[in-house]
Amino acid sequence: MSEGKPGEKGKRAKDVPGAVAEDGGRQAQLRSLAAVDEVLREPAAQELLERYPRALVTDAVRAVIERLRADILASGEAGAATAAGAADLTPADLVPWAARLLETAVTPSLRRVINATGIVVHTNLGRAVLPQEAVDAVVTAASGYTDLEYSLARGERASRQDHVHDALCAVTGAEDALVVNNNAAAVLLAVAATARGGEVLICRGQLVEIGDGFRIPDIVLESGADVVEVGTTNRTYVKDFEKAWTQRTRAVLRVHTSNFRVVGFTTEPSIEELANLAHERGAVLVDDLGSGALAPLELFAEEPSLKESVAAGADVVTFSGDKMLGGPQAGIAVGRAATIDAMRRHPLARALRIDKLDLAALDAVLRLYLDPELALERVPTLAALAVPLDVVRARAERLRALLTGQRTAQFALQEDAVTLADTVARAGAGALPVTEVPSVAVAVDVGDASALAASLRAGEPAVVCRVQDGKLLFDLRAVDGSELEELAGAVLAALA
Ligand SMILES: *Cc1c(COP(=O)(O)O)cnc(C)c1O
């Protein structure tokens, strides 16, 4: 890697577009920027060269100089003063900046977050938090060899699916089961294995965009089947499906409208009607449930029942591992043996297979579901949704005491700057979109709330909260009791 030759400074400045002749001041500033090799010769840079590979240090120094160059070029009349400052910097001044870039480059990017948003399964914050049993299983699977695809009883090759197959059939009542990388993959595989080269019928009202611009009908098209929209946005009848049926129809896909509701004048065929229709005509019914609520939580009454879909005869029912199940990222497909087996043997099954760490976590989570009461207690997603409001309020009171009390030697907030507020928490991850889960937040009213929220996001651990009416709101439904001291410390540190 080149480290900047003598004369590079002048040459680069001439090459910079926009550094036109009449702008002599800016050109002079660009010329006075240090060269990479000048910075590398600084004694402080020697320390960096001892700690990091030379190529990394060179790249960091180059990045610092490029940033200064960009600042100078971007500076119009208004920014002239800052850019003039950049030109006064000595080569030694640039070393600490390079050191900071190097530190960032070698530190893992993924950081811990305390979720004070009140959204329990937050897709941007990594969805479900795993129960300890699953964390332990991941550690075991990650840190040594396992019998992932090996039968210790027979001493020969086996399938990774064996570890979760029986538990999945037991908790869903299905004949057969298969897990893949995520639910979008499960839907893709189900349609590819049953309807490739044919047509898939979907209700118009169920053409769901699942998030980040990705849409179920586009995913289905990638299976090699054509999507046929049936009925209207709000009302679709069995007779609409009969009318749309052709020689090429291979499957009916029901998609749970997981992240929105159409209310009022609406009709959709029941899952039994769709199953009967598909089976009478030699096609299959694929039911994408999205979240797949399995736990005995009152809140889940609004979600379609997984067991009912299976019992109604859906050939494949798919759902996510990391939504309301509260497990790892996974796509779970359960249903009739003939269809699940076709999925298992499809080439895409290999491309979409679940990795061993997620499989280990899923294995552990499913064991908890064998005892539904135990699942409610042990699975953090379920516990966060089920915890009584007075427990959430007690967390809020404790956080308030930690923020205002003198227990922390450093610094505390004024009593009147910290209040409790009743809030509405959400299940999140596109599940139960209209269900309001009562919750309690600590509201902090001190100065510039958005600036404080930014410092909180920059902290360690990072804290993500809500900003409302100029106040910071820390919703405590998704904050574990064991995180409160850390949360208080992070808030006080951001304010100090
Ligand atoms: C979330 C969701 C998906 C996608 O699941 P992933 O596990 O995120 O791939 C598909 N369909 C529906 C209805 C969903 O709600």
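Note that residues are indexed from 1 along each chain, following the sequence as it is written. The predicted nature of this model means local features are confined to residues of pLDDT at least 70 and side-chain atom pairs, given and counted, to a pLDDT of 80 or more, with totals for whole chains, interfaces and linings taken over all residues. Heavy atoms from the whole structure form the basis of all side-chain values; hydrogens and water molecules are not counted.

1. What to know about the overall build of the protein
Just so we agree on the cut-off: Secondary structure elements follow DSSP: runs of H or I no shorter than four residues count as helices, runs of E no shorter than two count as strands, and numbering proceeds from the N terminus. Each residue's exposure class comes from its accessible area (1.4 Å probe, protein chains only) as a fraction of the maximum for that residue type: buried when under 20%, exposed when over 50%, partly exposed otherwise. Working rule for contacts: check all heavy atoms of both residues, and any pair within 4.5 Å makes them a contact. In summary, the charge assignment counts Lys and Arg as positive and Asp and Glu as negative, without counting His or the chain termini. In this description, the location of a charge corresponds to atom NZ of lysine, CZ of arginine, CG of aspartate or CD of glutamate.
A tally of regular secondary structure across the protein gives 22 helices and 17 strands. Over its C-alpha atoms, taken along the principal directions, the protein stretches across nearly 80 × 60 × 55 Å. In the protein, which comprises 496 residues, the proportion classed as buried is 47%. Here the analysis covers contacts within the protein between residues at least 6 apart in sequence; of these, 74% occur between residues at least 24 apart. Between the mean site of the 51 positive side-chain charges and the mean site of the 69 negative ones, the protein shows a separation of 4 Å.

2. Notes on the sheet that holds strand β6 (residues 199-203)
Quick reminder of the rule: Here, any two strands with at least 2 DSSP bridges between them count as paired. A fitted line through C-alpha atoms serves as each axis, taken over the contacting stretch for helices, and the angle formed by two N-to-C directions is quoted from 0 to 180°.
With respect to topology, seven strands assemble into an open sheet ordered β5-β13-β12-β11-β10-β6-β9, the strand pairing being mixed. Of all strands in the sheet, those with a lone pairing partner are β5 (176-180) and β9 (226-230), marking the two edges. Across the sheet, the mean angle separating the axes of adjacent strands is 25° when strand polarity is ignored. Two strands pair when backbone bridges link them, and strand β11 (residues 284-290) and strand β12 (residues 316-320) are joined in this way by four bridges, in the parallel orientation. Bridge pairing in β12 links valine 286 to valine 316. Strands in contact with helix α9 (residues 162-172) are β5 and β13 (331-335); relative to β5, the strand with the most contacts, it is inclined by about 120°. Where helix α13 (residues 271-280) meets the sheet, its contacts fall on β10 (249-255) and β11, and the angle it forms with β11 comes to roughly 150°.

3. A few points about the domain arrangement of the protein
Cut-off, in case you're wondering: Each domain's extent is set by a domain assignment, obtained either automatically or from a database. Buried area counts how much accessible surface, traced with a 1.4 Å probe, disappears from two parts once they are put together, with both parts' losses summed.
One can read the domain layout of the protein as domain 1 (13-106), domain 2 (132-378) and domain 3 (385-495). On a C-alpha basis, the centroid separation for the pair domain 2 and domain 3 is 36 Å. Listed by partner, the interface residues are 12 residues for domain 2 and 12 residues for domain 3. Taking both sides of the interface into account, the surface hidden between domain 2 and domain 3 amounts to around 990 Å²; carbon and sulfur atoms contribute 76%.

4. Side note on the site of the ligand
Selection rule: Distances are taken per atom, and a residue is near a molecule or strand as soon as one of its heavy atoms is within 4 Å of it. Think of a polar contact as two N or O atoms within 3.5 Å of one another; within protein, one of them needs to be a possible hydrogen donor and the other a possible acceptor, and neighboring residues in sequence only count if both atoms come from side chains. For every accessible area listed, the method is Shrake-Rupley and the probe measures 1.4 Å; residues are considered covered only by the protein chains on display.
Lining the immediate surroundings of the ligand are 13 residues, of which Ala184, Ser258, Asp288, Ser320 and Lys323 lie closest. Measuring from an oxygen atom of the ligand, one finds a backbone N or O atom of asparagine 183 at 3.0 Å. Note that a nitrogen atom of the ligand is positioned 2.6 Å from one of the side-chain N or O atoms of aspartate 288. Taking 380 Å² as the accessible area of the ligand by itself, protein coverage stands at 93%.

5. Let's talk about the nonpolar core
To keep it simple, the criterion reads: The nonpolar core is taken to be a set of buried Ala, Val, Leu, Ile, Met, Phe, Trp, Tyr and Cys residues, with the residues joined through side-chain atoms within 4.5 Å.
Among the nonpolar cores identified, the biggest contains 67 residues, and Phe300, Tyr369 and Leu382 are the most heavily contacted of them. Element by element, the count of residues in this core is highest for helix α17 (residues 356-369), at nine residues. Split by domain, this core shows at least three residues from each of two domains, domain 2 (132-378) and domain 3 (385-495). In this structure, phenylalanine 300 is in contact with Ala293, Ala295, Met324, Leu382, Leu385 and Leu432, ignoring residues within four places of it in sequence. In this structure, Leu403, Val442, Leu452 and Ala488 belong to the second largest nonpolar core, which totals 31 residues.

6. Notes on the pairing of β12
To be explicit about the condition: A crossover counts as right-handed when, viewed with the strands pointing away from the observer, the path leading from the first strand over the helix to the second turns clockwise.
Within β12, five of the five residues are buried, which leaves it mostly tucked inside the rest of the structure. Judged by which residues are buried, β12 turns out to be covered on both faces: Val316, Thr318 and Ser320 on one side and Val317 and Phe319 on the other are all buried. Considered for its hand, the β-α-β crossover made up of β11, helix α14 (residues 306-312) and β12 is right-handed. As paired strands, β12 and β13 are joined by five bridges and run antiparallel to one another.

7. Things to note about the packing of aromatic side chains
Applied cut-off: Classification of ring pairs rests on two measures: the distance between centres of Phe, Tyr or Trp rings, Trp counted by its six-membered ring, which must be within 6.5 Å, and the angle between planes, read as stacked under 30 degrees, edge-to-face over 60 and tilted in between. Lysine NZ or arginine CZ positioned within 6 Å of the ring centre and within 35 degrees of the ring normal marks a charge as sitting over the ring.
Counted by the stated rule, this structure contains zero aromatic pairs. One cation-aromatic arrangement involves arginine 235 over phenylalanine 265; the distance from NZ or CZ to the ring centre is 3.6 Å. The residue whose ring lies beneath arginine 281 is tryptophan 245, and the NZ or CZ to ring-centre distance is 5.3 Å.

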